[in-house]
Amino acid sequence: MSFFPKISFHREVEEYLTKVFRNNELITALGAKEAESKYQSLLSHLSHPPAFTTVRVNTHLSSVKHVKKMLFEEIQKQFKGICVPVLEHPELRDILVIPAIGPRQDLKKHESEVIVGAQCGYAVLRGAHVYVPGIISTSKFMKAGDLVSVYSDIEGKCKRGAKEFEGVKVFLGNGISELSRSEIFSSHGPMNGMGIRMIEPVYLSPSFDNVLPSHLFLQNLPSVVVSHVLNPQPGERILDMCAAPGGKTTHLATLMRDQGEVIAMDKIANKVKKIKQNAELLQLNCIKAFCYDGTKALSVEKREDEQEGPPFLPESFDRILLDAPCSGMGQRPTMSYSSTLKEVMSYQPLQRKLFTVAVKLLKPGGVLVYSTCTITLSENEEQVTWALETFPCLQLQRQEPHIGGEGMRGAGLALDQLKLLQRFDPSAATVQGMDIKALQDSQEDYLISLANKDCIGFFIAKFIKLNGLETVIPTSFQPLLKNPFFCDVCDSKLIDLSCSTTLMCTHLKRHTKKVNT
């Protein structure tokens, strides 16, 4: 049973998603009833936080066992005697998993109210306190030390500084005000720092504000999986194309034992600064971060040998992670999705530009991992179909570890191809919420199986760039290649069939075969 209403979308986005999750391939495989049930379950789960908090241990500095002990003691302090386990994951050896308790439906609401923005509200549901920049409105006479009930303005309708709000709001829990209303909305400009200390959140999850900052990195479970799938090795040269805020970048460097080179790029300067700060905090020295547009990262001219940053020459990297900009529909919790259909559809062409550059920057024999935190076909399975058709030098690879489900039907991929993909689907979670008794009665392996399912929506595809790929052209067709740019048979433009120098048109492609040499 849902505690919050299902996620809401603009009507055009809702219509688009309905078609995606009722596509013919899916209905043929599952049946209309089951397909619809899964879709409605997905919409419900997206508006609720995951039932577990995942933190990655910085194994560059500490052992998992040591950090687990320190974290358990910290959580005991925060929860004042409520015993919540800290679990090690049997397949992801560098993470710790903490169950969330909630939703707690018996909390008493207070007369004094605080309204926060949607993003602040989502953070509160995952364990954060309320900081001043996130506060939009408070009751008229709120003083420091007051008990207050905190609500989220999920539709963004509340005016800053309002003394009351009658619009759509979602109860997040109770807290104690650290500041008065006049201090929060001071004429000297918004203050920083904590505004409300949450003492009775609807979802009881640990706060990680300044908790073991050099030893832990708060990260969703699928985001940890993706770095393990790339499997970087010490001494290799790795590219993280869209790296901010640096969670995956620092994980890659840690997996390499800080030996080799991890190039991290992002086109927004403040985000690059954050990557550098995280690398410094975690004491990782092999990371080099650059403010650069990934779509322009391929150099068309010979570079100076001393130049270590972008753009880069073709075939410069052993492995590449493209955690692409996306519509973000897999993020949880999200109660009201604000992007328009035009914005949602804008990501596919951008992802393809980045992917094309990534293929050219990858060495033959190298590994390319593509990931998103969204649920659409157009940004996930359809991109895989496009990639395999556009770059015959690419081949899908089995992923290890494989914790998520298989890819979703609807993009024309074969069943054996879908099994090589990982789609983390929140609708696969069998329960929604957990109380203390259920937690105490649960076995550890059962909790881990829940954590594997009850996480954000995420997608991973792993490709290898085949080494020495050539195209064998039947003798009878070779005279047709007189014109180096257009086909003499069908006048179509020649395409780069081998991702390097061999050109072939789609007409001839149907009469050729690929071989490894």
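Residues numbered from 1 in each chain as written. Predicted model: local features only at pLDDT ≥ 70, side-chain atom pairs only at ≥ 80, totals over all residues. Heavy atoms only, no water.

**Some thoughts on the overall build of the chain**
Then comes step 1: When you go through the chain residue by residue, the secondary structure sums to 16 helices and 22 strands.
Then comes step 2: Expressed as a percentage of the 517 residues in the chain, the buried residues total 53%.
Then comes step 3: Summing over all exposed atoms, the chain offers an accessible surface of approximately 23,700 Å²; the carbon and sulfur share of this is 51%. (Helix = DSSP H or I, 4+ residues; strand = E, 2+ residues; numbered from the N terminus. Buried < 20%, exposed > 50% of the residue type's maximum accessible area, 1.4 Å probe, protein only. Areas by Shrake-Rupley, 256 points an atom, 1.4 Å probe, with all protein chains shown as cover.)

**As for the sheet that holds strand β10 (residues 216-218)**
Then comes step 1: The strand order across the open sheet formed by four strands is β2-β3-β1-β10, and the pairing between neighbours is antiparallel. In this open sheet, the two strands that pair with only one neighbour each are β2 (87-88) and β10.
Then comes step 2: Relative to strand β3 (residues 95-99), strand β1 (residues 52-57) runs antiparallel, the two sharing five bridges. When the sheet's bridge partners are listed, Val-55 is paired in β3 with Leu-96.
Then comes step 3: Where helix α4 (residues 64-79) meets the sheet, its contacts fall on β1, β2, β3 and β10, and the angle it forms with β3 comes to roughly 25°. (Pairing = 2+ DSSP bridges. Contact = heavy atoms within 4.5 Å. Axes fitted to C-alpha atoms, helices over the stretch in contact; angles between N-to-C directions.)

**As for the packing of aromatic side chains**
Then comes step 1: Throughout the structure, instances matching the rule amount to eleven aromatic pairs.
Then comes step 2: An aromatic cluster of three or more residues is present, and its members are Phe-355, Tyr-370, Trp-386, Phe-391 and Phe-463.
Then comes step 3: Against the face of Phe-171 rests Lys-109, its NZ or CZ located 4.9 Å from the ring centre.
Then comes step 4: Lying over the aromatic face of Tyr-151, Lys-169 brings its terminal NZ or CZ to 4.9 Å of the ring centre. (Phe/Tyr/Trp six-rings, centres within 6.5 Å; stacked < 30°, edge-to-face > 60°. Lys NZ or Arg CZ within 6 Å of the ring centre and 35° of its normal.)

**Some remarks on the sheet that holds strand β4 (residues 113-117)**
Then comes step 1: As summarised here, the arrangement of the six strands in space is β5-β9-β8-β7-β4-β6, forming an open sheet in which the pairing is mixed. Single-partner strands in this sheet number two, and they are β5 (130-131) and β6 (135-138).
Then comes step 2: The pairing of strand β8 (residues 170-177) with strand β9 (residues 194-201) spans five bridges and is classified as antiparallel. Within β9, the residue paired with Gly-173 across the bridge is Pro-201.
Then comes step 3: The sheet strands contacting helix α5 (residues 118-125) are β4, β5, β7 (147-153), β8 and β9, and the helix crosses β4 at an angle near 105°.

**Here's the deal with the side chain of Arg-181**
Then comes step 1: Looking at the element boundaries, Arg-181 is found in helix α6 (residues 181-184).
Then comes step 2: Within the buried set, Arg-181 has no salt-bridge partner at all; the shortest N-O distance to an opposite charge, 10 Å, is to Glu-164.
Then comes step 3: There is a polar contact of 3.0 Å between the side chain of Arg-181 and the backbone oxygen of Thr-138.
Then comes step 4: Discounting chain neighbours no more than four positions away, the residues touching Arg-181 are Thr-138, Ser-139, Lys-140, Met-142, Gly-161, Ala-162 and Lys-163. (Lys, Arg positive; Asp, Glu negative; His and termini not counted. Salt bridge = Lys/Arg side-chain N within 4 Å of Asp/Glu carboxyl O. Polar contact = N/O pair within 3.5 Å; in protein donor to acceptor, adjacent residues only side chain to side chain.)

**Remarks on the packing of helix α7 (residues 221-230) against helix α8 (residues 247-255)**
Then comes step 1: At a closest axis distance of 10 Å, the pairing of α7 and α8 adopts a crossing angle of 40°. Judged by the angle between their axes, α7 and α8 are oblique. Of the two elements, α7 crosses α8, and the hand of that crossing is right-handed. Side by side, α7 and α8 meet where Ser-223, Val-224, Val-226, Ser-227, His-228 and Leu-230 of the first sit next to Lys-248, His-251, Leu-252 and Leu-255 of the second. (Parallel < 35°, antiparallel > 145°, perpendicular 65-115°, else oblique. Left-handed = near helix turned anticlockwise from the far one by under 90°.)

**Topic: α7**
Then comes step 1: With ten of ten residues buried, α7 is to be regarded as a mostly interior element.
Then comes step 2: Buried within α7 are the following residues: Leu-221, Pro-222, Ser-223, Val-224, Val-225, Val-226, Ser-227, His-228, Val-229 and Leu-230.
Then comes step 3: Residue Asn-231 follows α7 closely and has a positive phi angle near 55°.

**Comments concerning unusual backbone geometry**
Most peptide bonds take the trans configuration, and most residues that are not glycine carry a negative phi.
Then comes step 1: Between Ala-244 and the following residue, Pro-245, the backbone shows a cis peptide bond with an omega angle of 0°.
Then comes step 2: Of note, Pro-245 is situated in the loop between β11 (237-240) and α8.
Then comes step 3: Omega for the peptide link from Glu-400 to Pro-401 comes to 0°, which places this bond in the cis form.
Then comes step 4: As for its position among the elements, Pro-401 is in the loop between β16 (394-396) and α13 (415-418).
Then comes step 5: Residue Asn-231 is not a glycine yet carries a positive backbone phi of 55°.
Then comes step 6: Checked against the element boundaries, Asn-231 lands in the loop between α7 and β11.
Then comes step 7: With a relative accessible area of 38%, Asn-231 lands in the partly exposed category.

**Let's talk about the UniProt feature "active site" (unreviewed entry) in the chain**
Then comes step 1: The sites that UniProt annotates as "active site" (unreviewed entry) are Cys-373.
Then comes step 2: Topologically, Cys-373 is positioned in the loop between β15 (362-372) and α12 (381-390).
Then comes step 3: In this structure Cys-373 touches Cys-326, Gly-328, Met-329, Gly-330, Gln-331, Ile-456, Gly-457 and Phe-458, once residues within four positions along its chain are discounted. (UniProt positions renumbered as here; feature names shortened; annotations may be inferred.)

**A few points about the packing of helix α11 (residues 347-361) against α12**
Then comes step 1: At a minimum axis separation of 11 Å, α11 and α12 run at an interaxial angle of 40°. Comparing their axes, α12 and α11 come out oblique. Crossing angle aside, the handedness with which α11 passes α12 is right-handed. For the pair α11 and α12, contact is made by Gln-348, Gln-351, Arg-352, Phe-355 and Thr-356 and by Glu-382, Gln-383, Trp-386 and Ala-387, respectively.

**As for the UniProt feature "binding site: S-adenosyl-L-methionine" (unreviewed entry) in the chain**
Then comes step 1: Feature annotation in UniProt places "binding site: S-adenosyl-L-methionine" (unreviewed entry) on Cys-242, Ala-243, Ala-244, Pro-245, Gly-246, Gly-247, Lys-248, Asp-266, Asp-293 and Asp-323, given in this structure's numbering.
Then comes step 2: In this structure, Cys-242 sits in the loop between β11 and α8.
Then comes step 3: The buried category is assigned to Cys-242, whose relative accessible area is 15%.
Then comes step 4: By the secondary structure assignment, Asp-323 is in strand β14 (residues 317-323).
Then comes step 5: Given a relative accessible area of 16%, Asp-323 falls into the buried group.
Then comes step 6: Here the side chain of Asp-323 touches Lys-248 through a polar contact of 3.1 Å, side chain to side chain.

**Observations concerning the pairing of β3**
Then comes step 1: Of all five residues making up β3, five are buried, and the element is well covered by its neighbours.
Then comes step 2: Of the two faces of β3, both are covered, the one formed by Ile-95, Val-97 and Pro-99 as well as the one formed by Leu-96 and Ile-98.
Then comes step 3: Of the pairings in the sheet, the one linking β2 to β3 comprises two bridges and is antiparallel in character. The partner of Leu-87 across the bridge, within β3, is Val-97.
Then comes step 4: The antiparallel hairpin formed by β2 and β3 contains six residues in its connecting segment.

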